[in-house]
Structure formats: C-alpha cells, structure tokens
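One-letter residues, chain by chain:
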Amino acid sequence: MTSLLELKQYIKRFYIKNETYLTYVWKFLLSLISVAVINNKLGYMSSLNNIAIVLMASLLCAILPANFIIVISAAFIVGHLFALAPECALVTVIIFVLMFLLYFRFSPKDTLAVVLTPLFYFMGLPYVMPLAMGLLGTPASMVSVGFGVVVAFLISYFSSNAAAFGSDGVEEAANEFQSIVSGIVGNKSMMVMIVAFAITIVIVYLIRRSSVDNSWKIAISAGAISLIICILVGNLIFDTDIALAGVIIGTVVSALLMLVVEFFSFSLDYSRTEKVQFEDDEYYYYVKAVPKVTVSTPERRVKKINRAREQRR
C-alpha cells in the first residue's frame, strides 16, 4: 500500500511539473484516436483517411481548446457521411446542431465525456462513463454522456446500413431521409442506455457527495447495481437487443476501474476522522474532517565528491 501511495505522489508531482506539455500530449492522442476510430468505422471519404490530414487535425486539436476535439470529430463524421449520401450528412448535421446547442448550454466543460463515451462504447465498456462522470462530474454531465451515446449509435447505424443509402432520385432520397430519422431517433436500445446512464450519474453523484464513510466506494457499488437494474428493466419493457451478460460483465469491469480512479482522486483515512463543532454570532457548526491518505516520498540526495581534491591530499 505504501508503494502505491508513493507511486501516486510521484505521478501527481510529475503531472504538476509538466502539466503544460502533458495537456498538449493527451489532447493530441485523444483526437488522434477519435479520428482513427471514425475513419475505421465509416471511412467513406478517402481524402479524410489520409494520414497527413489525420495528423494535421490532431495537431490542431492539441494547440486549441479541448472542445475543438468535438468539432473536428463531428466534421470527420459529416464528411464521411456526405460521401456516403447527402441525406445522411443532412440528418447528422441537424442532430449535431441540436446537440451542440444543448451541450454548450448545460455542460461545456465535459469534453472528455462526449469524446470518451463513443470510444468506450466501441471498446465494449460504455458503462465506465456514467460511473466516472457521477464521481468526477455533476448531474449536468448526463447531457454530455447522453450525446456520446447518440454519437456512438449514429456511427454504428451508418456503418451497419451503408449499403441501403446512396439511391438516385428525389423520392428515393426522401424515403432514405425518413428511414434514417426513424432508425436513429426510434432506436430503443439507445434510449434505454441514455436513461439508464442518466439515472446512474445522479445516483452516484448524490451518494459520493454525502458525508458517510467510504462514500465513493458505496457510490460505485450503488451505481453499478442501478445501471444493471435500469438496463434490465428497459430491456424487458422495450424488448431491446442489449446483451445482459455483456452488461453485467462490462459493469463489473467498469466498477473495478472506478476503484482505481477513487484511489487516485479520493483516498481518505477514515481511521483518523475528527468531528469538530464551533459557533459564531449567527450559526452553530458541526464539521466532520477526514484526512487524506498521504505518504512522504523519499527524496534522492546526490553527494558530489571532488576527486581532484582527494588526490591532492
């Protein structure tokens, strides 16, 4: 345990010391991975698959604010779908405009939630995000996570049904437009996951904000259970095609990953809890103080020996 705490302190010091450079690095890598996944799943416009274009877009995201990663990712999606069929791109643009308006209104700082949710979805672990945002975010994070779910299902829909689009003629295009809207908006699995994720975020947030001992661990457990129950109920009511075995396994793995997040973000020593009370002219205060688990890292001292002086003696 002591070695893990020392490792935590080393990582924290290293990040603080090199925060500026590490920020550029993680924004570059996140945008590169995001664009690579989009190109792999869609990839209908050959020019956007060019490695030079991908690297230039990622470098641009690295030096610009983090929200630009969302803009670049959306541009790549629209570009590929325009090459597939203009009506696909039109529906996607309308969805993205509505999403951006709500996103910048309610949760403009949750860039990571919007970008990471589709990435974890394609990794088979989308259940990480509601637990993580409940621990590290606010109830408004349900908007960002919900948008991430929409993007993930949108990419999957166009990737799986690409052969059905691209017909000539106005009537055929209108029919395709209608089928796209009904296929995306009417996706029951997507709606069940959005609602389940929103409920989980609120539950985890409320519990981890409480003053009970081990609140984060309790929040992770309660969030995992509520997530499984919500998806199970939604699956029974709407008869979706969500695999329950995958939900249970993915949620358990996600909960274990959140314990790692809890260790690095909220490690407390409840054995040294203190309860203090004091008053002023208007209020009487009851305060519960729980110290963080810390360990002093050994400092390396380098002793220089002047060999020339020793030889003279």
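What comes next is a walk through the structure. None of the values given here were measured: they were computed from a predicted structure.

Focus: the overall build of the chain
- When helices and strands are counted, the chain shows 13 helices and two strands.
- Within the chain, the fraction of its 313 residues that count as buried is 39%.
- A separation threshold of at least 6 residues defines the contact pool for the chain, and within that pool the share at least 24 residues apart is 71%.
- For the chain, the accessible area works out to roughly 18,400 Å², and carbon and sulfur atoms hold 64% of it.

Regarding the environment of alanine 163
- Structurally, alanine 163 can be placed in the loop between helix H8 (141-160) and helix H9 (170-185).
- Sequence separation of alanine 163 and leucine 84 is 79 residues, and the distance between their C-alpha atoms is 9.2 Å.

Some points on the pairing of strand S1 (residues 274-279)
- Relative to strand S2 (residues 284-289), S1 runs antiparallel, the two sharing six bridges. Across the sheet, residue glutamine 277 finds its bridge partner in S2, namely tyrosine 286.
- Here S1 hands over to S2 after four residues, the two strands then running antiparallel side by side.

So, the side chain of asparagine 235
- Position of asparagine 235 among the secondary structure elements: in helix H11 (residues 215-238).
- Discounting residues that sit within four places of it in the chain, asparagine 235 has contacts with Thr240, Asp241, Ile242 and Leu244.

A short note on unusual backbone geometry
- Positioned with a positive phi, asparagine 214 is a non-glycine residue whose angle comes to about 55°.
- Residue position: asparagine 214 is located in the loop between helix H10 (188-208) and H11.
- Classification of asparagine 214 by relative accessible area gives partly exposed; the value is 34%.

Some remarks on a negative patch on the surface
- Together, Glu279, Asp280, Asp281 and Glu282 give the surface a local cluster of negative charge.
- Position of glutamate 282 among the secondary structure elements: in the loop between S1 and S2.
- Using a relative accessible area of 68% as the deciding quantity, one classes glutamate 282 as exposed.

Focus on the packing of aromatic side chains
- One pass over the full model with this rule turns up eight aromatic pairs.
- Aromatic side chains tyrosine 121 and phenylalanine 153 sit 5.2 Å apart centroid to centroid with 45° between the ring planes, which places their arrangement in the tilted category. Pair noted here: tyrosine 121 is in helix H6 (residues 111-123) and phenylalanine 153 is in helix H8, with a separation of 32 residues, a long-range link.
- Residue class for phenylalanine 153 comes out buried when judged on its relative accessible area of 12%.
- Judged by centre distance (5.0 Å) and plane angle (25°), the rings of phenylalanine 278 and tyrosine 285 are stacked.
- An aromatic cluster of at least three residues, connected via ring pairs, comprises Tyr121, Phe122 and Phe153.

Let's talk about the nonpolar core
- Residues Ile77, Leu81 and Phe158 are the most contacted members of the largest nonpolar core, which totals 70 residues.
- By residue number, the principal contributor to this core is H8, which donates eleven residues.
- Discounting chain neighbours no more than four positions away, the residues touching isoleucine 77 are Ile38, Leu42, Thr92, Phe96, Val151, Leu154 and Ile155.

Conventions adopted
Residues numbered from 1 in each chain as written. Predicted model: local features only at pLDDT ≥ 70, side-chain atom pairs only at ≥ 80, totals over all residues. Heavy atoms only, no water. Helix = DSSP H or I, 4+ residues; strand = E, 2+ residues; numbered from the N terminus. Buried < 20%, exposed > 50% of the residue type's maximum accessible area, 1.4 Å probe, protein only. Contact = heavy atoms within 4.5 Å. Areas by Shrake-Rupley, 256 points an atom, 1.4 Å probe, with all protein chains shown as cover. Pairing = 2+ DSSP bridges. Patch = residues over 30% accessible without salt bridge, like charges linked within 9 Å, V, L, I, M, F, W, Y side chains within 5 Å. Salt bridge = Lys/Arg side-chain N within 4 Å of Asp/Glu carboxyl O. Lys, Arg positive; Asp, Glu negative; His and termini not counted. Charge placed at Lys NZ, Arg CZ, Asp CG, Glu CD. Phe/Tyr/Trp six-rings, centres within 6.5 Å; stacked < 30°, edge-to-face > 60°. Core = buried A, V, L, I, M, F, W, Y, C linked by side-chain atoms within 4.5 Å.

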